[in-house]
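An overview of the molecular structure
Spelled out, the chains give:
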Amino acid sequence: MKKDYTCSIVFILLITLLIQLKTNAQNNSGIIYENYDSLSYLKFIDTVESQTKFKFFYIEDWIDTIIISQKKSPDSLKKILSNSFQNSKFQFYIDWDNNVIITNNYIINDILSEYFKNRQSQTDKDEEVIGTYAFIESADDKKNGKHNGEIIIGNPVNRYKNTEAIISGTITELETGQPIIGGVIYIKELGLGTISDINGYYVISLPRGKHTILFKYVGRRDKTENVLVNDNGNLDIELEEEIYQLRDVVITAEKEHNVEGLQLGLNKLEIKNIKQIPSSLGEVDVVKTAILLPGVQTVGEGASGFNVRGGSTDQNLILLDESPIFNTSHMFGFFSVFNPDVIKDFKLYKSGVPAKYGGRISSVFDVAVKNGNKKEFGGNGGISPFTGRLTLEGPILNNKASFIVSGRRTYSDWILKRIEKANLYNSSAKFYDVNAKFNYDFDNKNSISASIYHSKDFFQLNSDTTYNYQNINSTVSYKHFFSKKIYGVFSGIYSRYAYHIDHESNPYEAFNLNYDIEYKEFKSVFAYFPNINHTVNFGFNLIKYELNPGNMTPIGDKSLIGEKELDSENSIENAIFINDEIKISNKLSIDAGFRFSSFFALGPGEIYDYNNNTPRTTAYRLDTLIYDKNKIIKTYGGPEFRFSTRLKTSPTSSIKASYNRMRQYLHMLSNTTAISPTDIWKASDAYIPPQVGDQYAFGVFKNFLSNTVETSVEVYYKSIKDIIGYKGGSDFLLNENIETILLSGLGKAYGVEIMIKKKTGRLNGWISYTYSSSQNKFDSKYLEERINDGEFYPSDYDKPHDLTIVSNLRYSRRFSFSNNFTYSTGRPVTYPVAKYIVQEKELLHYTLRNEYRIPNYLRWDLSFNIEGNLKSQKLAHSSWAFSVYNVTGRKNVYSVYFVSNAKGNVNGYKLSIFARPIFTITYNFKF
Amino acid sequence: MKNKILLFIIIFLGFILQTCVEPFEPVIDKYDNLLVIDGSISNFPGPYIVNISRSYPYNEKRPEMVHSANVKIIDDSGNKYILSENESKKGTYETDSNFQAQIGVGYKLQVITPEKNTYESEIEKIKTPMEIDDIYYSLETRYNIEKEIDIIGAQIFLDTHDPENNTRYYAWEYDETWKFGVPFSSPKFYDKTYCFNSYKPKGLIIGTSENLIKDEIKRFPITFVGANTPKLRFKYSILIKQYSLSEHAYQYYKYLKSVNETGGSLFDKTPTSIYGNMHNINDLNEPVLGLFQVSGVSEKRIFIEKKDFDEYFFVEPGFRWCKFEYSDTADTNKTDSLLGFAYIIIDTTTGGQINFTKDSACFDCTQTGTNVVPDFWEE
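Thresholds, definitions, all that
Within any chain, residue numbers begin from 1 and follow the written order of that chain's sequence. Each chain is given a letter, starting from A, and each ligand a number, starting from 1, according to the order in which they appear as written. Note on the predicted model: pLDDT of at least 70 is required for a residue's local features to be given, and 80 or more for side-chain atom pairs to be given and counted; whole-chain, interface and lining totals, by contrast, use all residues. Each side-chain value is derived from all of the structure's non-hydrogen atoms; neither hydrogens nor water enter the calculation. Two aromatic rings, drawn from Phe, Tyr or Trp (for Trp, its six-membered ring), form a pair once their centres lie within 6.5 Å of each other, and the interplanar angle then sorts them: stacked below 30 degrees, edge-to-face above 60, tilted otherwise. Secondary structure is summarised from DSSP: a helix means a run of H or I of at least four residues, a strand means a run of E of at least two, and numbering begins at the N terminus for each. A 1.4 Å probe rolled over the protein chains alone gives each residue an accessible area, and that area as a share of the maximum for its type sets the label: buried under 20%, exposed over 50%, partly exposed in between. Any Lys NZ or Arg CZ that is within 6 Å of a ring centre and within 35 degrees of that ring's normal is treated as a charge sitting over the ring. Note on definitions: a residue-residue contact is assigned when non-hydrogen atoms from the two residues lie within 4.5 Å. Known as pLDDT, the predictor's confidence for each residue is given on a scale from 0 to 100. Any two cysteine sulfur atoms lying within 2.5 Å of each other are counted as a disulfide. It is the directions from the helix axis to the C-beta atoms whose arc is reported. The way it works is a 1 Å grid over only the protein atoms, where trapped points that fit a 1.4 Å probe form a cavity and open points with protein on both sides within 12 Å along at least five of seven lines form a pocket, and then any residue with an atom within 4 Å of a point lines it. Grid points are joined across faces, edges and corners, and a volume is the space filled by probe spheres set on the points. When residues are grouped by polarity, Ala, Val, Leu, Ile, Met, Phe, Trp, Tyr, Cys and Pro land in nonpolar, Asp, Glu, Lys and Arg in charged, and all others, Gly among them, in polar. Like-charged residues are merged into a patch within 9 Å and nonpolar side chains (Val, Leu, Ile, Met, Phe, Trp, Tyr) within 5 Å, provided each residue has over 30% relative accessible area and no salt bridge. Using a 1.4 Å probe, the Shrake-Rupley method yields the accessible areas, and only the shown protein chains count as cover for residues. We define a salt bridge as a side-chain nitrogen of Lys or Arg found within 4 Å of a carboxyl oxygen belonging to Asp or Glu. As used throughout, the charge tally considers Lys and Arg to be positive and Asp and Glu to be negative, leaving His and the chain termini uncounted. By convention, the point assigned to a charge is CZ for Arg, NZ for Lys, CD for Glu and CG for Asp. Residue types Ala, Val, Leu, Ile, Met, Phe, Trp, Tyr and Cys, when buried and joined through side-chain atoms within 4.5 Å, form a set referred to as a nonpolar core. At least two bridges found by DSSP between two strands is the condition for calling them paired. Helix axes are fitted only over the stretch in contact, all axes being lines through C-alpha atoms; the angle between N-to-C directions runs from 0 to 180 degrees.

Points about the packing of aromatic side chains
- Scanning the entire structure with this criterion turns up 55 aromatic pairs over all chains.
- When the centroid spacing of 5.6 Å and the interplanar angle of 80 degrees are considered together, the rings of Tyr-48 of chain B and Phe-99 of chain B count as edge-to-face. Of this pair, Tyr-48 of chain B sits in the loop between strand E2 (35–42) and strand E3 (49–54) while Phe-99 of chain B sits in the loop between strand E7 (92–94) and strand E8 (106–112), placing them 51 residues apart in sequence.
- For Phe-99 of chain B, a relative accessible area of 6% translates into the label buried.
- Taking the centre distance of 5.9 Å and the plane angle of 5 degrees together, the rings of Tyr-170 of chain B and Trp-172 of chain B count as stacked. With respect to class, Tyr-170 of chain B is no different from Trp-172 of chain B; both count as buried.
- Joined through ring pairs, the aromatic side chains of Tyr-478, Phe-482, Phe-490, Phe-526 and Phe-538 of chain A make up one cluster.
- The residue whose ring lies beneath Lys-430 of chain A is Phe-458 of chain A, and the NZ or CZ to ring-centre distance is 5.2 Å.
- We note Lys-656 of chain A situated over the ring of Phe-701 of chain A; from NZ or CZ to the ring centre the distance is 4.0 Å.

Describing the environment of Glu-64 of chain B
All names here are of chain B.
- Tracing the backbone shows Glu-64 in strand E4 (residues 64–65).
- The exposure class assigned to Glu-64 is exposed, which follows from its relative accessible area of 55%.
- Along the backbone, Glu-64 and Ile-112 are 48 residues apart, and their C-alpha atoms lie at a distance of 17 Å.
- Beyond its immediate sequence surroundings of up to four residues, Glu-64 is in contact with Ser-53 and Arg-54.

What to know about the confidence of the model for chain A
Residue and element names in this part refer to chain A.
- When pLDDT is averaged across chain A, the result is 81; 86% of the residues are at 70 or more.
- When pLDDT is averaged over each helix and strand of chain A, the minimum, 30, is found for helix H1 (residues 5–20) and the maximum, 96, for strand E20 (residues 323–324).
- Of the regions scoring below 50 in pLDDT, residues 1–28 engages in 37 contacts with residues more than four places distant in sequence or in other chains.
- Across residues 244–256, where pLDDT falls below 50, the model places 62 contacts with residues more than four positions away in sequence or in other chains.

A short note on the state of the cysteines
Residue and element names in this part refer to chain B.
- Across all of its chains, the model carries one disulfide over all chains by this definition.
- Across the disulfide from Cys-195 sits Cys-365; the S-S distance is 1.8 Å. Across the S-S bond linking Cys-195 and Cys-365, the dihedral sits near 60 degrees, which makes this disulfide right-handed. One end of the pair, Cys-195, is in strand E14 (residues 194–199); the other, Cys-365, is in the segment after strand E23 (353–357), and 170 residues separate them in sequence. Cys-365 shares its class with Cys-195; the two are buried.

Digging into the side chain of Thr-167 of chain B
- Relative to the assigned elements, Thr-167 of chain B resides in the loop between strand E12 (149–161) and strand E13 (169–181).
- Judged by its relative accessible area of 3%, Thr-167 of chain B falls in the buried class.

Quick word on the pairing of strand E16 (residues 266–270) of chain A
- Buried residues dominate E16 of chain A, accounting for five of its five residues.
- Of the two faces of E16 of chain A, the one carrying Leu-266, Lys-268 and Glu-270 of chain A and the one carrying Asn-267 and Leu-269 of chain A are both buried.

Looking at helix H2 (residues 41–51) of chain A
Residues and elements named next belong to chain A.
- Within H2, burial applies to Tyr-41, Phe-44, Ile-45 and Val-48. Looking straight down H2, one finds that the buried residues subtend no more than 100 degrees of arc, so they occupy a single side. Exposed residues lying more than 90 degrees from the buried face of H2 are Lys-43 and Asp-46.

Quick look at empty space enclosed by the protein
Residue and element names in this part refer to chain A.
- Applying the stated criterion across every chain, the model contains 13 cavities of 30 Å³ or more.
- Around the largest cavity, the lining comprises 43 residues; the ones closest to its centre are Ser-312, Ser-670, Ile-724, Tyr-726 and Asp-796.
- Mapped onto the lining of the largest cavity, the elements with two or more residues apiece are strand E41 (666–669), strand E44 (709–726), strand E45 (742–758) and strand E46 (763–777).
- The leading source of residues in the lining of the largest cavity is E44, at six residues.
- A class-by-class count of the residues in the lining of the largest cavity yields 13 nonpolar, 23 polar and seven charged.
- Taken as a whole, the second largest cavity spans an internal volume of roughly 500 Å³.
- Every element with two or more residues in the lining of the second largest cavity is listed here: helix H10 (286–290), strand E17 (296–297), strand E48 (801–810), strand E49 (815–824) and strand E54 (857–867).
- The element that contributes the greatest number of residues to the lining of the second largest cavity is E49, accounting for three residues.
- For the lining of the second largest cavity, the class distribution of residues is 17 nonpolar, 13 polar and eight charged.

A few points about a negative patch on the surface
Residue and element names in this part refer to chain A.
- Side chains of Glu-563, Glu-565, Asp-567, Glu-606 and Glu-736 sit close together on the surface and give a patch of like negative charge.
- For Glu-606, the location among the structural elements is in strand E37 (residues 605–610).
- By relative accessible area, Glu-606 is classed as partly exposed at 40%.

Overview of the nonpolar core
- With 62 residues, the main nonpolar core has Tyr-499, Ile-517, Leu-666, Leu-669, Phe-732 and Leu-742 of chain A as its most contacted residues.
- Looking at this core element by element, the count peaks at five residues for strand E32 (residues 511–531) of chain A.
- When residues no more than four places from it in sequence are discounted, the contact partners of Ile-517 of chain A are Phe-326, Ser-495, Arg-496, Tyr-497, Glu-546, Leu-547, Leu-666 and Trp-681 of chain A.
- Tyr-836, Leu-843 and Phe-898 of chain A together with Val-297 of chain B belong to the second largest nonpolar core, which has 34 residues in total.

Quick look at the sheet that holds strand E2 (residues 55–57) of chain A
Residues and elements named next belong to chain A.
- If you walk across this open sheet you meet the three strands as E2-E5-E4, and the pairing is mixed. The sheet terminates laterally at E2 and strand E4 (90–94), the two strands that pair on one side only. Strand after strand, the sheet turns through a mean of 20 degrees between neighbouring axes, direction not considered.
- Contacts from H2 reach E2 and strand E5 (99–104) within the one sheet, and its direction differs from that of E2 by about 145 degrees.
- With respect to the sheet, helix H4 (residues 77–84) is in contact with E2, E4 and E5, its orientation differing from that of E4 by roughly 170 degrees.

In structure tokens:
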């Protein structure tokens, strides 16, 4: 080996060069069409390099004497070279990347195949071969178990088994160790691919032998690994952030996903992209961003919640690290409860909802909290006009355990104190929220994570009544790999939403009122990868609900308020589910899922028997049934089929279809247009059947310009049974006979969503247009139980036309410019159909609901982001975001209302909330 | 809660975000033409009035009254009291002046329209009226959204109770009377220096003790009288009428208020149809608007003296526009021409400069009020 020592240095350099030099592909077939016979070797190389993808690596001194001998044209490069080198001491080697390596008096063996061939044929070349790759190992390669830039997986002894080998591993972010969800694993030669799951985990089964595997994920540098697969094995991949794309808006998932993936109606956004979008109050808001996606509507600016494909706000399953959030907004909807600094991304399933999710009809909005950085300590924070934020994260055990802690708090109460208005002297409106997450990987097979969230809002107007409401959420998950092919995640989930009202302004009527809903869940989800054509998820969950619909207690001795407490409601929901993603051919894949959910309303409780031939009012009660603790009052349940399929019509286009059924056992009662913090949740019971929704969706997907431009057209039809409606003027809070004010009806919605996205490049963003319709119907034998004469009428959030343009222009690494334009039809509103006079006062008469619309909505926002300078030696990296919300100052109508005043006259008004451009500056820092 | 949120949005966010409320008069082409029956009866002496009209389109001003209907009040022993149409106010029907409803007796209203449709209410008893225990006030500061200023004034409260715990549902209406004076008193108009004005807002205020352990209403806010108005300048009086309502009537007014007197935020209830207690006896599904209110009534008056508020008056409230014009020299012609319809001061120290105002409201209080002292007035 000594004789090759100098060579090895050359080779190391060459190998490094090989990795770095990438040329544009022109001709990589290895066939040379021109005749280069008798050309000097150097000339030949120049010509070939300029016309093909081949790159030559050599030491000039060695080969300036060689003359090319080409016997025919076209001929293969291999042939030409072997002919030319025939009588010389030079050898050549052409690698997987079209690099042609010339060696002097020494053969590079293609260890990938030749090694074993050689072993088998028992040739005496063994020693040399081993020597060859021994000396080309770089220190870096060695660490990764690489040989010659190649990863060898499994024991070579098993190389010739007939079965396919299973390769599995985790794809993580290089910088932080966070799992990458939806990373693409792709073997071009085989046309085989898979996608990493929610834990960054992937499994793919491959024929044994040499493969080139491409790992990619948007916003991260592609990574190609050459592997020699001998047997089942592990391949963990870290993807590096693609720095120059840092400020790009990349909308959905990975490039291939749109056409390749089975999902219909899935939108995914990462926080860094969400941060690009101009914000209303200087606060990055995942919910407000979701509203910009096609098929997602809101009833108005500053309204909490959102409506997906014509569903009501309570039909969205909103999860923060798997734990359901019951109140998604702060300050009545002006801010969402998600602190942008700890959010990793969100996924919004509008159709084709995977079987593991259930319990809500319209969508799943799955928000994931970041894992703490496993490699180094860091932090970030910021100040916006309303809030201050601070996040800290770092390793506890290097590469094994990490934490992230974040807090956000308003200083709006401070602002309120500055406003010298009488009614605000003793007023306050503030909120805070805190997130914490801990991750620990015991070993390759076991890991645990715990995530906690707490938010609190406080609101007081003129020291009169105080309101405070809070969310507490926590999730503890344990992940265990049973084998390479199967792993399970076991989670314990807790969520509680509570509000508290204190009314003390009049000591004679001083009281406090409490409401809360508590949710406990145990869930097991297994992922099983039997072979390349199947990915199976299965599991079960068990949920216990405890709802305390309210109690009112007097405060102080003078208070005349009677103590009142409504019975708590207990119930259990459980489900088993399985789905299999089946690859039928390269073109056709299906995802067949099945979920069976059941629900048990439990005692103690008093159930009234109402006369079936009369409207349901307390006057028509026949009997009262009393149930003891934990006795089943009522059972509901049934199968939910979930099905999606994808047919690739070309490498860049596909058509997809899906059907899903969802059952919802927990309902929010709200007879207002927007969610109010004091709306109450109600579980199904003897009177309230679950809502059942069916959705059919169909989509056509086509990508252009090497997948950088994605287009899609999706259509859907949704029908919902047993949606909840209310008799006019009813109150829910502390209502003992809530069943007497509820109505049960039908909902239907349909629409078309068209989207064009450009995901990369200096100018990126999306344009989406949605046409949709959402209608409800409440019919009954009895006039008082009918709405709009029992006919279908537009729901509060029915906005047929919706156009959104989001764009981001990256001017340089430091400056970027974003723009957001939204237009939609005004939401439906009920106008009075007559006036009349009672007691000398002009009054309004309303009949048909939602027959008119408020004026159309149009808004244009801009933002300008400046990154701090790019010096690496700095204490903190800072950035500024300047936003203008509603640039044109258009007075978009938030609501239209009519008031009969004390003089007895009716006047109509329109209210605009953001009636002028709103400038905000947000400062963010990172260390 | 819901109104508070709106208030929060308007004040707090309005300050920061430029929230804006503008008049809006949409054109509403739909129109429901319905019968409206609006009447009431109480233990107070009549005549009791029933107004019968039709609802009218949103973009119109006046209702069409229903003439020549046959209107009766029937008590629970079957006695009928016929109401006759007022000759000068068509569509308004009045009872005979010698009929007075009695506490504890049930009454119903029957209306037969010219089309021969019969409408009736259910029989409802006149509840025993409860005395108003007390009317009092406290000094408070309020923020006025429209004027965007803080206003100091008297918040008026009311206490009442029913020892039997039977009343539970209350409604109030009030009538304000106040004495005021003009800024320029003149011997010529000496009897027109102090006058009286009154104001009676339309609509009822409602309250209930249904959530309380005793049927007691304490410190119930009735109205706020700002010191920026002339009301508290000399003397103010408020008469509050208290009605003991049935639960049904209370619910009716509650819904009516939620539909007609709140609004603007997305947290308001969706407006719905509100019907009272009148039905077409042959077609229960025919919507009829309005209510026949049967209630027990009591009333109480208090006076508020100016002394509590003296320190808050800097300018004569309500007369800020009263200013003098000047004329340099005494011009007898001019003085003569102004006599009788202008208020003139001839300033003799400056050689007869004339200060005058032609605005008679500044020196003649009968322009904006009456100088007839109300019979209940106590000086």
